[in-house]
2 protein chains.
Amino acid sequence: MQTRPFTDRDKRYMKRALERARAVKGTTFPNPAVGAIVVRGGRLVGEGATRPPGKEHAEIVALSAAGSRTVGATLYVTLEPCSHFGRTPPCCRAIAESGVAEVIVAAKDPNPRVNGRGIRYLRGRGIKVSVGLLREEAVALNEDYAWSAVSGRAWVTLKLATTLDGRIADKASRSKWITSQSSRAVVHDLRRRHAAVVIGAGTLRLDNPRLSVRHVMGRSPARIVFASDPEEGYGSRLRRGAKSTRTVFVCPGGKAGTITKADDDVELWRTGSLRTPANLKLFLEMAHREGMTSLLVEGGQKLASSFLAHRLVNRICWFYGGILLGGGLNAIEMGSKALSLRKAVRLTDLAVERMADDIMVSGVPVWS
Amino acid sequence: MQTRPFTDRDKRYMKRALERARAVKGTTFPNPAVGAIVVRGGRLVGEGATRPPGKEHAEIVALSAAGSRTVGATLYVTLEPCSHFGRTPPCCRAIAESGVAEVIVAAKDPNPRVNGRGIRYLRGRGIKVSVGLLREEAVALNEDYAWSAVSGRAWVTLKLATTLDGRIADKASRSKWITSQSSRAVVHDLRRRHAAVVIGAGTLRLDNPRLSVRHVMGRSPARIVFASDPEEGYGSRLRRGAKSTRTVFVCPGGKAGTITKADDDVELWRTGSLRTPANLKLFLEMAHREGMTSLLVEGGQKLASSFLAHRLVNRICWFYGGILLGGGLNAIEMGSKALSLRKAVRLTDLAVERMADDIMVSGVPVWS
C-alpha cells in the first residue's frame, strides 16, 4: 500500500511520533497509544499523542497545535486514523478538513471498525497516503490493543519472578525478595503499560499488596483478584483503595457475566467456577468489554499455571533473580496438563535483558 | 609489585600471549594453560603455549623459537614462570640462562610451590620483572588450576540445561532436546576446556552418551560416572570407549581412596557411600591427585543437587532452552537441604549470553 519511498527525514519524524505514543502508553485504554506529528516546509509545526479516553486522539491534538499551518502539510501518525464515531468524532474527517496534503501511517489499524477504512477515506478525499514506515515498532507498541480489538478478549501478559531454578517462594512460602531493586523498576513500568494487574487470592493473603505503580512515573492500573469468596481480603490495603483505583474481584456465584458492587466499592465479576477454560475466557471478554484492553497476570502459581494451561497467555515476561533455592514452590505447575517435550510451549520473539542482579526473558508463547 | 607503567604495545603483546594460552586450554592438565611471547627491538621473535603434560611449558617453547634473539629481549608470559622441578626443569632457570632482560607477567601463580618464588628468582638474577598486565583475564583463564592447586581438590563447573521453568526432563523422563543446536556447540566447547565430564548412573542409563567433544575442535575429556554398582552400564558406548578415553566409575565398596581397574579398562574409584559430603570431597581430592584439575558436572538431578547441597560447586553454567513444560523433573531438588530465601545460593560474577534459541547464565555461587 506504500505509495512513495520513505526518506531518512520521514523516518526521523515517525520516530518522534512513536516516542510521543510510547510516553502515553497505559493512559489511553481502551484506545491505542498513538503519536502524531505535523510537518510543513521541512518544519515541525504540531505534535501530539492520544489523550485519556473520551478526549482527543493524537491526530486532533497535533492538528490543533499546528493551527492554520496544516494546509499543505504532511501528517505523520503511528496508527491508521479512525473513520468511525466512537466517543469522539472520526479523526479522518478532521484530517480531511484541515487541508493536510499527505498522511504517512506507520501501521494499519486491525480493529474491524477501521481496518483500512481510514486510509480509503483519506485517499477518497485526494490526500496522498503512504503506509508502513517503522511498522514493526508501531505494531509492537499496540500489540495488546490489536489483539483485543480483533479477538474481543483482553490481552494477557504473564509476569513471573523466580529464582534461577524456577521457584517463586522458598519452602516456608517466603517470596520476598527473589528479584532485586533493579528489576522492580522494570516491573512497575510493565504495570504502568497495562490496564489492570491480576493476582490470585493466595497472593492477596500472603503479600497484602498495593499493586500500585511506584519507582516510575505513571498511573496505577486497575487491580483484579481471583477469589472464590467475594468477601476475601475485606479490609486489606487493596480493597481499601477501591474508592480511588478500580478494583475487581472475580468470583463464582451469581449469573455468569454479571457485575455487582460490594459495599467497599469493589466490583464483583461473576464468571462461574474458574476451573474451566470457558470461564477464564468469559473473564477476558468481560475485561475487554469493560475497557481493559490488557492485563498483567502477576501470579501466584495457580493463576499463572491456569492461564498457561488454557493457552490464554499472549506474552511472557520472566524475571530471574540470580539465586538458587533447590526447593520450594515452582512458578508453573500444570499437574495433569503438564506438557511433553514434543508439545512444549515455545517462546518466540525471545528477548533477553540484563538488569544489575536479575535477568528478564520475554517472548510470545506458541503451542504446538 | 609492578615496576614500570605498561604501554599499549605491552598490552598488545600480552593479549596475543593470552590468545595463545586460550587456544591450548583443555590440553595441558594438570598444568595451567599459559602463553608466552618474546620481543626484541620492537619485533616479535618467538611465541609459544604450554604443550601437553610432560612436555615443554610455554616459556620454553617461546624461547626456543626465538633462538639467539633472546639476549636483551622482553618476555611476556601470562602466568608467573615456575621455579621448581616438576616433570620438566624449572622455567625460571631457562629464562635466566637465555639472556632475557625483562619479564612481564600477567598473574602470579598461586600454586604454593611457586607463589612468588619464580618472580623472586628472576629478580635475584638481575632480570627486570613487572607483574599485573591484564591480570583479570589471565586469572579467569586458569581459575580451575588456581583453585585446584590451592585447595588440593578438583574445580567443579556445574552445567545445567533446562526449560525456562527449570525442568531437565518432561513427565515421561524425556530430555531430548531441551536446548537447541546453537547451545550444543557452547556445551562442547565447555567440555573441551575441562579435564573430565561427570554424570550419574541415571544419565548413563537413559541417554547412553559418548560425552565426547563434537561440534568444536579439541580433545575429548575423561568421563566419570557416579554409580553404586561398578558393573553399571557394562557394554555401553561409554564403557566401550574406555580403552581410548580415560573412563572412571566412582563407586562405594573397597578401601576408600583406592583405585582398581575393571576388565574393560574402566577405573574404579572407591569413595565410600556418596551420601555424605566427606566422600564427595574425597572424590574431588582423588581427581586432583589424578591430574584432573577441573570437572564438568553435567547432571542429572541427584548429582547436581548433591554437589550443590554440599557447596562443592565453583561455577554454574545454566543453559535455558526457550520452552516451558509446566511439570516434569526439576533440575535441582535438594530435599531437606533446600534453602530458605535468606540463605539462598547467590550467583556472583553473573554473565548472560544469548544463543539463537537458548540463553546461558553463568556465575560463581556464593553461600551465605
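Since the structure is predicted, the reported quantities are computational estimates derived from the model, not experimental observations.

(A) View of the relation of the copies chain A and chain B. By a simple turn and slide, chain A fits onto chain B: the slide is 0.1 Å along the axis, the RMSD is 0.1 Å, and the turn is 180°. The operation mapping one copy onto its partner corresponds to a two-fold rotation axis. Across chain A, the smallest distance between a C-alpha and the rotation axis is recorded for G166 of chain A, namely 2.6 Å. Interface residue correspondence from chain A to chain B reaches 100%, placing this contact among same-surface, isologous pairings.

(B) Layout of the packing of helix 2 (residues 58-66) of chain B against helix 3 (residues 91-98) of chain B. Residues and elements named next belong to chain B. Orientation of helix 2 relative to helix 3, taken along the N-to-C sense of each, is 25°, at an axis distance of 9 Å. In terms of their interaxial angle, helix 2 and helix 3 are classed as roughly parallel. Pair helix 2 / helix 3 crosses with left-handed handedness. Across from E59, I60 and L63 in helix 2, the residues of helix 3 making contact are C91, A94, I95 and S98. Counted by class, the contact of helix 2 with helix 3 contains five nonpolar, one polar and one charged residues.

(C) Helix 1 (residues 8-24) of chain A, seen in detail. Residue and element names in this part refer to chain A. Look at helix 1: 25 Å from first C-alpha to last across 17 residues, which is about the 24 Å you get at 1.5 Å a residue. Its buried side turned inward, helix 1 meets strand 1 (35-40), strand 2 (43-49), strand 3 (74-79), strand 4 (102-107) and helix 5 (135-141). Following helix 1 by one or two positions, G26 adopts a phi angle in the positive range, close to 105°.

(D) Focus on the pairing of strand 8 (residues 196-200) of chain A. Residues and elements named next belong to chain A. Where burial is concerned, most of strand 8 is hidden: five out of the five residues are buried. Going residue by residue along strand 8, you find A196, V198 and G200 tucked away on one face and V197 and I199 tucked away on the opposite face as well. Strand direction decides the pairing type here: strand 8 and strand 13 (residues 294-297), joined by three bridges, are parallel. Its bridge partner being in strand 13, V198 is matched across the sheet by V297. As paired elements, strand 8 and strand 9 (residues 222-226) share five bridges and run parallel to each other. Residue pairing for strand 9: V197 is matched across the bridge by R223.

(E) View of the confidence of the model for chain A. Summary statistics for chain A give a mean pLDDT of 93 and a share of 98% for residues scoring 70 or more. Here the prediction assigns the complex a pTM of 0.92, and the interface score ipTM is 0.91.

(F) The arrangement of the sheet that holds strand 4 of chain A in detail. Residues and elements named next belong to chain A. Across the sheet, which stays open at both edges, the five strands sit in the order 2-1-3-4-5 with mixed pairing between neighbours. Strand pairing shows two members of the sheet lacking a second neighbour, strand 2 and strand 5 (128-131), which therefore form its edges. Going from strand to strand, the sheet's axes swing by 15° on average, the running direction of each strand aside. Relative to strand 3, strand 1 runs antiparallel, the two sharing four bridges. Residue pairing across strands places A36 opposite V77, the latter belonging to strand 3. This element, helix 1, spans strand 1, strand 2, strand 3 and strand 4 of the sheet and lies at about 145° to strand 1. Contacting strand 1, strand 2 and strand 3, helix 2 (residues 58-66) runs over the sheet at an angle of about 145° to strand 2.

(G) Summary view of the interface of chain A and chain B. Contacts between the two partners involve 41 residues from chain A, matched on the other side by 41 residues from chain B. Within the side of chain A that touches chain B, the residues separate by chemical class into 21 nonpolar, eleven polar and nine charged. Pairing between strand 17 (residues 345-354) of chain A and strand 15 (residues 323-324) of chain B: two bridges, direction antiparallel. Residue pairing for strand 15 of chain B: R346 of chain A is matched across the bridge by I323 of chain B.

(H) Main features of the pairing of strand 5 of chain A. All names here are of chain A. Bridge analysis of strand 4 against strand 5 gives four bridges, and the strand direction is parallel. Bridge assignment links V105 to a residue of strand 5, and that residue is V131. You can see the chain leave strand 4, run along helix 4 (residues 117-124) and come back into strand 5, and the turn it takes is right-handed.

Parameters at a glance
Residues numbered from 1 in each chain as written. Chains lettered and ligands numbered in written order. Predicted model: local features only at pLDDT ≥ 70, side-chain atom pairs only at ≥ 80, totals over all residues. Least-squares fit on C-alpha atoms with pLDDT ≥ 70 in both. Contact = placed C-beta atoms within 7 Å. Axes fitted to C-alpha atoms, helices over the stretch in contact; angles between N-to-C directions. Helix = DSSP H or I, 4+ residues; strand = E, 2+ residues; numbered from the N terminus. Parallel < 35°, antiparallel > 145°, perpendicular 65-115°, else oblique. Left-handed = near helix turned anticlockwise from the far one by under 90°. Nonpolar A, V, L, I, M, F, W, Y, C, P; charged D, E, K, R; others polar. Expected span 1.5 Å × (residues − 1). Buried ≥ 20, exposed ≤ 12 C-beta atoms within 10 Å, placed from the backbone. Pairing = 2+ DSSP bridges. pLDDT = per-residue confidence, 0-100. Right-handed = clockwise from strand over helix to strand, strands pointing away.

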